[in-house]
Amino acid sequence: MSYAYKVKPGDKVRLSSFDPKEHAGLSKDKAKDLTEDLGTEMASLQELLFAAGQTSLLIVLQGLDTSGKDGAIRSILTYANVQSCRVIPFKVPTSEELAHDFLWRVHRETPRSGAVSIFNRSHYEDVLIVRVHNLVPKQTWEQRYQQINQFEQLLISSGVLILKFFLHISKEEQRERLLEREKDPTKAWKLAVADWKEREHWDSYMDAYEDALTRCTTREAPWHIVPSDHKWFRNLAITQCIVESLRPFKDEWMKHLEKMGVEAKKELQKYRNGETGN
Ligand code: AMP
Ligand code: MG
């Protein structure tokens, strides 16, 4: 069973029908054990992805403030080989970025063959915060859903696997987490008045997310809704989804690596036989 809900093309997403507290009946300890096992498998699949160098992986993390994007990234990086993995946080665009189309800053951060890019926020902010705060006219953000789908299609046809996660937390859990930050001196640096202000727009964000998840789910780049009130369940659901998306490629990558190995041995043999110039 999949712990995250995979949105299907044609689904009309209603976030209120997904329970952010869902944990599939698992205890925290059990979930952590499962995550550990899946994480180990993820590490070996990532190694094959890198070595075969045919495919790349783009992980998009979206969610409201305190939904756990940073925590999810820390969890993935526990297992990932960071030599071929990059994390890219997308902040308020600079004036240089605003002077270009909205995908300009995003496209150049997409992963090269064999690599993994993790987006902490993404091009989706351009149909989320931008829409909620009317940062551009409606006519402009309306076109972006289709533009995003076309952009993602371009990436897919160039060998990029795209996994998009919406970290779904409840409004009460967000309140708890914001208050927690005030109490914990190691977390207080994250406090921002903006987070409390954004919270006033909760319903508009839900509407904007529902539209993004509905309109930008394609067969090859679907959204996954991750119940995130329990951090340990969130980590499990994401790790499972990554592993299950990479697993089907395993045989293909292994075959490619074997072929590369045969070629490499041939070259070595030639060298030993004194057939090469060097
Ligand atoms: P944080 O993730 O807490 O570091 O905050 C980054 C902030 O940048 C968030 O409030 C985002 O909504 C905002 N942001 C990211 N991308 C955009 C964008 N394209 N336009 C406007 N604000 C953005
Ligand atoms: Mg923030």
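Note: the structure precedes this text.
Before going into details, it helps to say that this report is about the structure given with it. (Residues numbered from 1 in each chain as written. Chains lettered and ligands numbered in written order. Predicted model: local features only at pLDDT ≥ 70, side-chain atom pairs only at ≥ 80, totals over all residues. Heavy atoms only, no water.)

Check the secondary structure of the protein and you find 11 helices and six strands. Relative to the globule expectation of 19 Å for 278 residues, the C-alpha radius of gyration of the protein, 21 Å, shows essentially globular dimensions. The principal-axis extents of the C-alpha atoms in the protein amount to approximately 75 × 50 × 40 Å. Accessible surface for the protein amounts to roughly 15,000 Å². Of this, 51% is attributable to carbon and sulfur atoms. With 41 positive and 41 negative side-chain charges, the protein shows a separation of 1 Å between the mean positions of the two kinds. (Helix = DSSP H or I, 4+ residues; strand = E, 2+ residues; numbered from the N terminus. Rg over C-alpha atoms; globule rule 2.2 N^0.38 Å. Areas by Shrake-Rupley, 256 points an atom, 1.4 Å probe, with all protein chains shown as cover. Lys, Arg positive; Asp, Glu negative; His and termini not counted. Charge placed at Lys NZ, Arg CZ, Asp CG, Glu CD.)

Right, let's get into the packing of aromatic side chains. Evaluated as defined, the whole model comprises seven aromatic pairs. When the centroid spacing of 4.9 Å and the interplanar angle of 45° are considered together, the rings of Tyr-5 and Phe-18 count as tilted. Linking Tyr-5 in strand E1 (residues 5–6) with Phe-18 in the loop between E1 and helix H1 (28–52), this pair joins segments that are 13 residues apart in sequence. Aromatic side chains Phe-166 and Tyr-209 sit 4.5 Å apart centroid to centroid with 40° between the ring planes, which places their arrangement in the tilted category. Highlighted residues: Phe-166 in strand E5 (residues 160–168) and Tyr-209 in helix H9 (residues 202–215), separated in sequence by 43 residues. The exposure class assigned to Tyr-209 is buried, which follows from its relative accessible area of 2%. Lying across the ring of Trp-104, Arg-108 places its NZ or CZ 4.4 Å from the centre. Here Arg-215 stacks its cationic end above the ring of Tyr-145, 4.0 Å away from the centre of that ring. (Phe/Tyr/Trp six-rings, centres within 6.5 Å; stacked < 30°, edge-to-face > 60°. Buried < 20%, exposed > 50% of the residue type's maximum accessible area, 1.4 Å probe, protein only. Lys NZ or Arg CZ within 6 Å of the ring centre and 35° of its normal.)

Moving on, we come to the state of the cysteines. Disulfide: a covalent bond formed between the sulfur atoms of two cysteine residues. Taken as a whole, this structure holds zero disulfides when the rule is applied. Unpaired in this structure, Cys-216 has its nearest cysteine sulfur neighbour in Cys-241, at a distance of 17 Å. Its relative accessible area of 0% is what places Cys-216 among the buried residues. (Disulfide = S-S within 2.5 Å.)

Another aspect to go through is the site of ligand 1. For ligand 1, the full set of nearby residues is Phe-90, Lys-91, Val-92, Pro-93, Arg-105, Arg-121, Glu-125, Asp-126, Ile-129, Val-130 and Leu-135. Note that a nitrogen atom of ligand 1 is positioned 3.1 Å from one of the side-chain N or O atoms of Arg-105. The side chain of Arg-121 places a nitrogen or oxygen atom 2.6 Å from an oxygen atom of ligand 1. Alone, ligand 1 offers 500 Å² of accessible surface; in the complex the protein occludes 76% of this. Looking at the shell around ligand 1 residue by residue, the class counts come to six nonpolar, no polar and five charged. (Near = heavy atom within 4 Å. Polar contact = N/O pair within 3.5 Å; in protein donor to acceptor, adjacent residues only side chain to side chain. Nonpolar A, V, L, I, M, F, W, Y, C, P; charged D, E, K, R; others polar.)

With that settled, consider helix H7 (residues 171–183). With 13 residues, H7 ought to run about 18 Å at 1.5 Å a step, and its terminal C-alpha atoms sit 19 Å apart, in line with that. Taken residue by residue, H7 has Glu-173, Gln-174, Arg-177, Leu-178 and Arg-181 as its buried positions. For H7, the angular spread of the buried residues around the axis is 135°, confining them to a single face. What points out from H7, more than 90 degrees from its buried face, is the exposed set Glu-172 and Lys-183. Where the residues of H7 are buried, they touch helix H8 (193–199), H9 and helix H10 (231–246). (Expected span 1.5 Å × (residues − 1). Arc of directions from axis to C-beta. Contact = heavy atoms within 4.5 Å.)

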